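What follows is the residue order along each chain.
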Amino acid sequence: MKNKLISNLALMALAVLMPLTSLTSCSDSGRVESFMWPHVSEEVDALSYKLDSMYFHRVPVTELESVLDSLRTAAAKCPRSDELNGRLSYFWAIVANRHPGPNSTLDTIIAVRENIDSAKHPYLFNRASQIIDQTLPVSLSTYDKTLAHIRYFEEIQGTYLTAEHYMNLGVLLKNVKDYDAALRAFAVADSLFMLSGYSDMAAQNMSNVSNVYFWLGDSVKSVQLAHRAASDSTVRANRARIGAIWFNLAIHFDDEAALDSMLSVGFRQHPARQYGLRAKRSYRHGDYAQAVAYADTAIFLAKRKNDLHGLWYAYKAGAPALAHLGRDGQAYEWLNRALAIRDSVDKIEDHENVQILETGRQIATRRMEHELERSRRTLVWVCVAFGVFLILVAAAWIVALRMRRLK
C-alpha cells in the first residue's frame, strides 16, 4: 500500500514537473508554419501564404505579380481594414523590389510600418521591420532589433522568418568579427530552413558560412563550401547570389574558372574590381597590352564609383604589365599611387575597425547579459520544480507514516 501510494505521488510530481521543465526547453513540438498572417478569408489567406512562399523561394517576378493580382481581386471582396490595406501595400512593395535596377520601394515599406499600429497588427509591423532593419548599419541597436524580431517570430512559431533573422544575425556578427557566434547563428538558420521546407535557402546560406571560414583563415573549408553552394540549382538560378560566390572565389583565391563563371552570369557588383581581376589574368597569360587596357577601364570605373579598393586593385594589377611593355615611368607612377591609396584605405579601415571592435564588445556584453538572464530563469524553474518534487516526496512520506500508524 505504501509503495503504491508513493508511486502515485511520484507520477503526480512528474505531471507537475513536465510543464514546468518544458518552459526551459528550446524545442517545439507544435506544427511547423512559416507565415502567420491574420485571418481575413480563406481565399485571401491562401493567396497570402502562396505569395510569401513563392517570394521566399525566389520565383520569377512575373509569377509573383500574377499571384499579387489574384490577391488584390480576392481582397476587393472583403471589408477593408488597416491591416488588409497595409498587407497589400507591403506585398506590392516587396514584389516591386524584385525588378532589376534601382527602386524606392523601401520608402513604401517604411510608410507601411509608420502607418500601422504595432500593438494591433504586430505581424505586419514585424514583417515590414524585417525588410527595413536589414538596411541599418551595424550597431548595438540593430543587434537588439534583430533579437527582438527573432523572439517575436519564435513565439508565434513562424519558422521560416525566424530562420531569416538568424541568418541576418549571423551576417551582423560576422561584420563585427565575432566569427564563432556567427557560425552558431548560421547553423540555427540552416536547421530552421530545413525544418520549414526551405532547403534552397539553407544552400544559399552556405555562402555566408564559406565567407566566415575565409576570415577565419580556413581557405580549404571556405572553398569547399563555396563550391557546394554554387553547385545547388536554386543558388545557380539566383544571378546575384551565384555571382557573389564566383566573385569571392576569384578575388580571394585567384580562381580563373570562377572569374569566367562570374562574367558569364553577368554579375554587376564591384565593376572596377572585376576589371582588375581581368587585368591580373591577362598579365599572368602574357597579354600585357590587354592587361593595361583592363586596368585603365578599372581605374575609370573606380573613380566614377569612388571605389578606393577598386582603384588600389586596378593600379596594382596594371603596374607590372606596364613594366613589361617598357613603360617603366608609368609603372612606377601606378605603383606609387597604389601604395598611397592603400595607405588611405588602411587609415579608413583602422578607424572602422576601432568602431567595429567597440560594437563587437557591446554586442558581446549584451549577449552575455542575455545568457545570464536565461540561466537565471532556468535556475529559477529548476529550483521551483525541485521544491515541488521535495514537497510531494515529503507529503508521500508523511501519508505513508500516517497510514502505518493507523494500521
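Here, the structure is the one placed above.
Residues numbered from 1 in each chain as written. Predicted model: local features only at pLDDT ≥ 70, side-chain atom pairs only at ≥ 80, totals over all residues. Heavy atoms only, no water.

J.: Explain helix α3 (residues 61-76) to me, using residue names and the numbers behind them.
T.: With 16 residues, α3 should reach 22 Å at 1.5 Å per residue; the first-to-last C-alpha distance of 22 Å fits that figure. Listed as buried for α3 are Val61, Leu64, Val67, Leu68, Leu71, Ala74 and Ala75. Looking straight down α3, one finds its buried side chains confined to an arc of 135 degrees; they lie on one side. The exposed set on the far side of α3, more than 90 degrees from its buried face, consists of Thr62 and Ala76. Elements in contact with the buried residues of α3: α2 (42-56) and α4 (82-96). (Helix = DSSP H or I, 4+ residues; strand = E, 2+ residues; numbered from the N terminus. Expected span 1.5 Å × (residues − 1). Buried < 20%, exposed > 50% of the residue type's maximum accessible area, 1.4 Å probe, protein only. Arc of directions from axis to C-beta. Contact = heavy atoms within 4.5 Å.)

J.: Tell me what's going on with unusual backbone geometry, and back it up with residues and numbers.
T.: Even without a glycine there, the phi angle at arginine 58 is positive, about 60 degrees. A positive phi angle, close to 70 degrees, is found at lysine 177, a residue other than glycine. For lysine 177, the location among the structural elements is in the loop between α8 (159-175) and α9 (179-195). Since its relative accessible area comes to 37%, lysine 177 is described here as partly exposed.

J.: Describe the pattern of salt bridges, and please don't skip the residues or the numbers.
T.: A side chain of one charge can pair with a side chain of the opposite charge when the charged atoms of the two come close. Inspection of every chain in the model, using the stated rule, returns 14 salt bridges. Among the ionic pairs, arginine 273 bridges to aspartate 307, the shortest N-O distance being 3.2 Å. One end of the pair, arginine 273, is in helix α15 (residues 271-284); the other, aspartate 307, is in the loop between α16 (288-305) and α17 (308-324), and 34 residues separate them in sequence. Each member of the pair, arginine 273 as well as aspartate 307, is classed as buried. Put simply, Asp254, Glu256, Lys280 and Arg284 are held in one network by salt bridges that share partners. (Salt bridge = Lys/Arg side-chain N within 4 Å of Asp/Glu carboxyl O.)

J.: How would you sum up the side chain of arginine 278? Please name residues and give values.
T.: Turning to its location among the elements, arginine 278 is positioned in helix α15. It turns out arginine 278 is buried and unbridged, and the closest side chain with the opposite charge, aspartate 260, is 7.6 Å from it. Residues in contact with arginine 278, not counting those within four places in the same chain, are Leu259, Leu263 and Tyr294. (Lys, Arg positive; Asp, Glu negative; His and termini not counted.)

J.: Summarise empty space enclosed by the protein; cite the residues concerned and give the values.
T.: Taken as a whole and assessed by the stated rule, the structure comprises two cavities of 30 Å³ or more. Size it by volume and the largest cavity reaches roughly 90 Å³. Looking at the largest cavity, the residues that line it are Ser207, Ser210, Asn211, Phe214, Ser222, Ala226, Ile245, Asn248, Leu249, His252 and Phe253. Sorting the residues of the lining of the largest cavity by element identifies α10 (199-215), α11 (219-230) and α13 (239-253) as the ones contributing at least two each. Top element by residues in the lining of the largest cavity is α13. It accounts for five residues. Of the residues assigned to the lining of the largest cavity, the class counts are five nonpolar, six polar and no charged. In this model, the second largest cavity occupies a volume close to 30 Å³. Lining of the second largest cavity is provided by Ala250, Asp254, Asp255, Glu256, Leu259, Leu277 and Arg284. Residue assignment for the lining of the second largest cavity shows that the elements contributing at least two residues are α14 (256-264) and α15. Of the residues in the lining of the second largest cavity, the class split is three nonpolar, no polar and four charged. (1 Å grid on protein atoms, 1.4 Å probe; cavity = no way out; pocket = protein on both sides within 12 Å on 5 of 7 lines; lining within 4 Å. Points joined across faces, edges and corners; volume = space filled by probe spheres on them. Nonpolar A, V, L, I, M, F, W, Y, C, P; charged D, E, K, R; others polar.)

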